[in-house]
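# Chain and residue survey
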Amino acid sequence: MPLTRKAYRAAILHSIADPAEVGIEASYEYFEDGLLVVDGGKISALGHASDLLPTLPADIEIEHYQDALITPGFIDTHIHFPQTGMVGAYGEQLLDWLNTYTFPCESQFGDKVHADEVADIFVKELLRNGTTTALVFGSVHPQSVNSLFEAAEKLDLRMIAGKVMMDRNAPDYLTDTAESSYVDSKALIERWHGKGRLHYAVTPRFAPTSTPEQLTLAGQLLTEYPDLYMQTHISENLKEIEWVKELFPERKGYLDVYDHYKLLGERSVFAHGVHLCDDECARLAETGSAISFCPTSNFFLGSGLFNLPMAEKHRLNVGLGTDVGGGTSFSLLQTLNEAYKVMQLQGARLSPFKSLYLATLGGARALRLEDKIGTLQPGSDADFLVLDYNATPLLSYRLKQANNIAETLFVLMTLGDDRTVQQTYAAGALVHQR
Ligand code: GUN
Ligand code: ZN
């Protein structure tokens, strides 16, 4: 059903390039009194209201927002849907945290009623926080992915997800086998990949929980369906890295395990990479792979500080991940607040425009979807947000002291959260109203 043509008038901001490549000023477009025109679920025009208004039919509906900023929808390149019920669990580092909280919580997702219920909560929470696309881990159960995709399909969201493949070093109640993980993943690919705006990601959890046979079959799926995604974790925690060395003594390092099983490529996204070395960054970049920078998780699980300047040096694609439930917020604004601190602790800075890039166009590039999402360029999917300058009394007062869009943007990222997201639109339809 084609949606009607509609225009949105407000301050409008989007990234058009990586500030690390073109400098800050050339990395964005800002229209103080802008107009965004949406037609049939896509953006048909973007510009200054004064230029575009005379070109529109007299009867077009125009929504006019005062004290608000329109941006592209946010893109979360790493999150776990079955961990929604355990976000913020106390006091462990990665490996103990997995055994104590994560695995028991994920064990419930073979049950359709439970999986449907959490999928509904999860998708609503994404949209409340302005996230219109996410790269999502399911649980080991195929049902978890069916529930998530069904919820996303109802709202015509652009979502990427996959069933976890995990055939060792996890409780019996939560493991598959190399063969069953291949068969189950394949059935999900056939059912969902390319349906509407949905895409499938082959999802080996991380090297320690897959046998060589399972990693081989994961690589085989990627060759059978060339436009599939691959998502996994890498080099998040020092004990994890030591464990990978013990499990794969014949490999040169953590990345080399994935490389050996042919899991690197243009649609491969590796979460964390906190402890990657220069050579590994170079290899990731060479293969077109991307990293998800997950600052709230890296703080919360005591994993370490991601070296964004090193990734930039190698021109490695980097997206921003919340990593809920290791991460503590669904909000990419709050995730950027933490990202700024990660950089400060390393003696570097994160400009608000680089932050905007990471949450939008950078994520889209990591997912090879920059022709569809991540900007407000005409032709893109109409996935966008209305951010409210008066969301809280403090934000309202603080933004009155901001002198320009750079200051406004930075304050939105330090003080903003789900309350800041007044409306979320996906494919031109209103999918969240605060
Ligand atoms: N490594 C393997 N599994 C996980 C997970 O669920 N969360 C995080 N943060 N790291 C992991
Ligand atoms: Zn994760």
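For the structure given in this document, a descriptive report is provided here. Throughout this description, residue numbers start from 1 for each chain and increase along the sequence as written. Think of it this way: whatever chain is written first is A, whatever ligand is written first is 1, and the rest follow in order. Local features in a predicted model are, by the rule used here, given only for residues with pLDDT of at least 70; side-chain atom pairs are given and counted only at 80 or more, and totals for whole chains, interfaces and linings are based on all residues. Note that the side-chain values use all heavy atoms of the structure and ignore hydrogens as well as water.

### A short note on unusual backbone geometry
With the exception of glycine, the majority of residues adopt a negative phi angle, and the majority of peptide bonds are in the trans configuration. Of the consecutive residues V324 and G325, the connecting peptide bond is found in the cis state with omega at 5 degrees. With respect to the element layout, G325 can be found in the loop between strand 13 (317-320) and helix 13 (332-345). Phi angles above zero are rare outside glycine, and R368 is one such case at about 60 degrees. Comment: elements are numbered from the N terminus, with helices defined as DSSP H or I runs of at least four residues and strands as E runs of at least two. Here R368 shows up in the loop between helix 15 (361-366) and strand 14 (384-388). If you check the backbone angles, A427 has positive phi at about 45 degrees while not being a glycine.

### Some details on helix 16 (residues 393-400)
For helix 16, the set of buried residues is L395, S396 and L399. Down the axis of helix 16, the buried set is contained in an arc of 100 degrees. They therefore lie on one face. For helix 16, the exposed residues lying more than 90 degrees away from the buried face are P393, L394, Y397 and K400. Looking at the buried side of helix 16, the elements it contacts are strand 14 and helix 17 (405-415). Working definition: with a 1.4 Å probe on protein chains only, accessible area under 20% of the residue-type maximum means buried, over 50% means exposed, and in between means partly exposed. The arc in question is the one traced by the directions running from the helix axis out to the C-beta atoms. Only heavy atoms enter the contact rule, under which two residues are in contact if any of them lie within 4.5 Å.

### Some points on the sheet that holds strand 15 (residues 421-426)
Either a parallel or an antiparallel arrangement is found when strands of a sheet pair, and the pairing is made through backbone hydrogen bonds. One open sheet accounts for seven strands, arranged 3-2-1-4-14-15-16; its pairing is mixed. Both outer strands of the open sheet, strand 3 (42-48) and strand 16 (429-433), are each paired with one neighbouring strand and no more. Taken pair by pair, the neighbouring strands of this sheet meet at an average axis angle of 35 degrees, ignoring direction. One requirement defines pairing of two strands: DSSP has to find at least two bridges between them. One ladder, built from five bridges, connects strand 4 (residues 61-72) with strand 14; its direction is antiparallel. Looking across to strand 14, one finds that A68 is bridged to D388. For helices, the axis comes from a line fit to the C-alpha atoms of the stretch in contact; other axes are also lines fit to C-alpha atoms, and the angle between any two N-to-C directions lies between 0 and 180 degrees.

### Some words on the nonpolar core
What is meant by a nonpolar core is a set of buried Ala, Val, Leu, Ile, Met, Phe, Trp, Tyr and Cys residues, joined one to another through side-chain atoms within 4.5 Å. With 111 residues, the main nonpolar core has F122, V136 and Y258 as its most contacted residues. Ranked by the residues each element gives to this core, the list is headed by helix 4 (residues 112-128), at seven residues. Sequence-distant contacts of F122, that is, excluding residues within four places in its chain, are made with I79, H80, F81, T84, V136, L148 and F330. By size, the runner-up hydrophobic cluster in this structure holds 16 residues, among which are Y8, A10, L36 and L46.

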